[in-house]
Structure formats: structure tokens, C-alpha cells
Amino acid sequence: MATHIRSADWKAAPTRHVEAAGTRFAYRRLGPDTGVPVVLLNHWGANLDNFDPPIVEGLAADRPVYALDYRGIGSSGGRAPLTVAEMAKDTIATIRALGLKSVDLIGFSLGGFVAQQILLDAPDLVRRAILAGTGPAGGTGIERVGPVSWPLIIKGLLTFRDPKFYLFFTSSAAGKRAAFEFLARLKERTGDRDKAVSLTAFLRQLKAIKAWGLQAPQPLDGVRTPVLVANGDHDIMVPSENSVDLARRIPGAQLVLYPDAGHGGIFQYHDAFLRKAKAFLAA
């Protein structure tokens, strides 16, 4: 019924807060009151304004969507955790504080690390999960996200471009076009923008990413939650072979690799990804 439909405009979704795990966490909510809620977990150095609007709005067409800020990120309180396990603990507490009993998870990059940890720590909380642009603990090259990223972050500063232009997309004509379009979408919201991520929080998250890359592999063969793994086929941040490895190690997992696409493959192919994600989550 129309009375139950909430705003489907991501640009206008207000920033809200919920108390969980001794901290005030920032989130935005979109979509109707009915349906299995989708919880979105974002990448390194990302706040609420880094979620891709057409993906959020497309998911929110027929179900509630919650986009979360980690501790110490955006207008969430506290200090950014130094481990993925702590982020997962916070996220579980936040989901429960929001009164959600069963959710679908979509974790991108660092958010995919957190989502994996939640699948192991609170499997009953997650009905289905999508792991995008991510990899398993101890995965190939994950401990080198910093060394790979810094030169391209500096290149972004020198060329007055968002580093995601170089980090998330290939240098082909299609990749560059997708980068311009994605970065433009992230600027569509002009009011009530989230607080910028501090350098301290950015560096603390990088330590957590490196630790994830160096830790022992996890027992992913015990995951019983249906999982979809998605990435570009030319991811230089979290090498694409990690997506193949994840799909191989999680029983029954589906894998989609987008051609001529990098870490931000789901943003370059946002229409195709949205169709795939909605079909997977509706099954």
C-alpha cells in the first residue's frame, strides 16, 4: 500500500542514528516497510555518500534498504576499528539495534570482508549475501592494498581527480567513461552530506585491511548462506582471482565477473549488477 512506501530518492534520504555497542552509528534508510531488509556495507574510506544511488534506489524499489557507516566513519561516533572482526561485531550490534531479525547483506570491498565475518559469527542473522570486489582472509595481494593504492591516490591528487577514477576502473575508454559517470552520481546529493572521513580513520581502516590480508584463511566451506560473488575481471585493488577463490570455497556460491572492469565493476555495470542482485535476493 502506498501509505507504507517511504522515499525512494537516495538524494533525500535523511541521515539517522542508532545506539549500538556503546556508540552512535549513522545510517540511511530507503524503501518500503515490507520485505527482507538489505544492509549495505561500504569500502575503505567510504561514508554514506559513497553508496551508488541507482543500486540503492533499485534495491529499495520493493524492500527496505539500510546503508551503514562504520564506527569512526562519517557521522558515526568512536574510533575506526583496527580489525575486520571488530567492524563485524559493531555491524551485528547495529543490525540488532535497528530491530532487524533477518537481513540480506551486500558488502563491497572492505564491506565484503566484514560481511564474510558476519556470515561466520552470526549466520542466523543473514538470509543471503552478496560479496562484491572483495576476497577472503589471507587472500592474494590483499595485504598490498596500501602499496598498490598510494601511487594512484597521489596521481589523483596531482590530476585533480578522485582516486577512485584510477583505483576502481580500467584505463580503457569504457572504463574511463564509467568512472566519470560513477563519480558524477556520487555528487548528486547536495544537502545533508555525510561528514568527511578523517585521515586517521582512513589509515586505521587500511591497517585492518592489511591485517585481513595477513591472517589465516577462514573455514568458508562451512558457510551455508547462499552467496553471490561479483567483481570486475581486472581488479587491481583486491585482485580478481580472490573473487574466483571465494566462489570456489563457499559451497554453492555464484560468481559473476564483469569484462573490462576493475574494483568498481558493480558500479560500471550497475544496471546488470542490480538485475543480478535482485534476482539472487528474490530467489
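Scoring rules and cut-offs
- Residues numbered from 1 in each chain as written.
- Predicted model: local features only at pLDDT ≥ 70, side-chain atom pairs only at ≥ 80, totals over all residues.
- Heavy atoms only, no water.
- Phe/Tyr/Trp six-rings, centres within 6.5 Å; stacked < 30°, edge-to-face > 60°.
- Helix = DSSP H or I, 4+ residues; strand = E, 2+ residues; numbered from the N terminus.
- Buried < 20%, exposed > 50% of the residue type's maximum accessible area, 1.4 Å probe, protein only.
- Pairing = 2+ DSSP bridges.
- Axes fitted to C-alpha atoms, helices over the stretch in contact; angles between N-to-C directions.
- Parallel < 35°, antiparallel > 145°, perpendicular 65-115°, else oblique.
- Left-handed = near helix turned anticlockwise from the far one by under 90°.
- Contact = heavy atoms within 4.5 Å.
- Nonpolar A, V, L, I, M, F, W, Y, C, P; charged D, E, K, R; others polar.
- Expected span 1.5 Å × (residues − 1).
- pLDDT = per-residue confidence, 0-100.

(A) Spatial organisation of the packing of aromatic side chains. Inspection of every chain in the model, using the stated rule, returns 15 aromatic pairs. Here the aromatic rings of Trp10 and Phe51 are separated by 6.4 Å at their centres, their planes lie at 90°, and the arrangement is edge-to-face. Taken together, the residues span a long stretch of sequence, with Trp10 in the segment before strand 1 (15-20) and Phe51 in the loop between strand 3 (38-41) and helix 1 (53-59) at a distance of 41 residues. For the pair Trp10 and Phe51, one class covers both residues: buried. Note on Phe168 and Phe267: the rings are 6.3 Å apart at their centroids and 20° apart in plane angle, and the pair reads as stacked.

(B) Broad picture of the pairing of strand 5 (residues 103-108). Burial of strand 5 is extensive: six of the six residues sit out of reach of the surface. Covered by surrounding structure in strand 5 are Val103, Leu105 and Gly107 together with Asp104, Ile106 and Phe108, the residues of both alternating faces. Strand direction decides the pairing type here: strand 3 and strand 5, joined by four bridges, are parallel. Across the sheet, Leu41 pairs through a bridge with Gly107, a residue of strand 5.

(C) Spotlight on the packing of helix 3 (residues 110-121) against helix 7 (residues 199-214). At a minimum axis distance of 11 Å, the contact between helix 3 and helix 7 shows a crossing angle of 60°. In terms of orientation, helix 3 lies oblique with respect to helix 7. Both helix 3 and helix 7 take part in a crossing whose hand is left-handed. Between helix 3 and helix 7, the contacting residues are Leu110, Phe113, Gln116 and Gln117 on the first element and Gln205, Ile209 and Trp212 on the second. A breakdown of the residues in the contact of helix 3 with helix 7 according to their chemical character gives four nonpolar, three polar and no charged.

(D) Here's a closer look at the environment of Tyr27. Here Tyr27 lies in strand 2 (residues 23-30). The class of Tyr27 is buried, set by a relative accessible area of 11%. For the pair Tyr27 and Leu48, spaced 21 residues apart in the sequence, the C-alpha separation amounts to 7.2 Å. Not counting residues within four places of it along the chain, the set of residues in contact with Tyr27 comprises Pro14, Thr15, Arg16, His17, Val18, Leu48, Tyr66, Ala67, Leu68 and Leu98.

(E) Focus on the environment of Leu157. Following the sequence through the fold, Leu157 ends up in helix 4 (residues 145-158). For Leu157, a relative accessible area of 62% gives the class exposed. A C-alpha to C-alpha distance of 22 Å links Leu157 and Ile209, two positions 52 residues apart in sequence.

(F) Molecular detail of helix 2 (residues 84-97). Compared with the 20 Å implied by 1.5 Å per residue over 14 residues, the 20 Å span of helix 2 between its first and last C-alpha is a close match. Directly beyond the C-terminal end of helix 2, a positive phi value near 80° is found at Gly99.

(G) Examining the sheet that holds strand 8 (residues 254-258) more closely. Across the sheet, which stays open at both edges, the eight strands sit in the order 1-2-4-3-5-6-7-8 with mixed pairing between neighbours. Because the sheet does not close on itself, it has two edges, and the strands there are strand 1 and strand 8. Averaged over all pairs of adjacent strands, the angle between strand axes in this sheet comes to 25°, irrespective of strand direction. Across the sheet, helix 10 (residues 270-282) is in contact with strand 3, strand 5, strand 6 (126-132), strand 7 (227-232) and strand 8; its angle to strand 6 comes to roughly 160°.

(H) Molecular detail of the packing of helix 2 against helix 3. Closest axis-to-axis distance for the helix 2/helix 3 pair is 8 Å, and the angle between their directions is 70°. Taken together, helix 2 and helix 3 sit at an angle that is classed as roughly perpendicular. You can see that helix 2 and helix 3 cross each other, and the crossing is right-handed. Where helix 2 approaches helix 3, its residues Val84, Ala85, Met87, Ala88, Thr91 and Ile92 are matched on the opposing element by Leu110, Phe113, Val114, Gln117, Ile118 and Asp121. Residues that form the contact of helix 2 with helix 3 fall into these classes: nine nonpolar, two polar and one charged.

(I) Structural detail: the side chain of Asp52. Looking at where Asp52 falls in the secondary structure, it is placed in the loop between strand 3 and helix 1. If we ignore the near neighbours within four places in the chain, the residues touching Asp52 are Phe182, Arg185, Leu186, Phe267 and His270.

(J) Layout of the confidence of the model for the chain. Averaged over all residues, the pLDDT of the chain equals 96, while 98% of them reach at least 70. In this model residues 1-5 is a low-confidence stretch, pLDDT under 50, and it forms three contacts with partners more than four residues away in sequence or in other chains.

(K) A look at unusual backbone geometry. Located in the positive-phi region is Asp192, a residue other than glycine, with phi close to 50°. By the element assignment, Asp192 lies in the loop between helix 6 (173-185) and helix 7. Its relative accessible area of 47% is what places Asp192 among the partly exposed residues. The backbone of Asp260 sits at a positive phi, close to 50°, despite the residue not being glycine.

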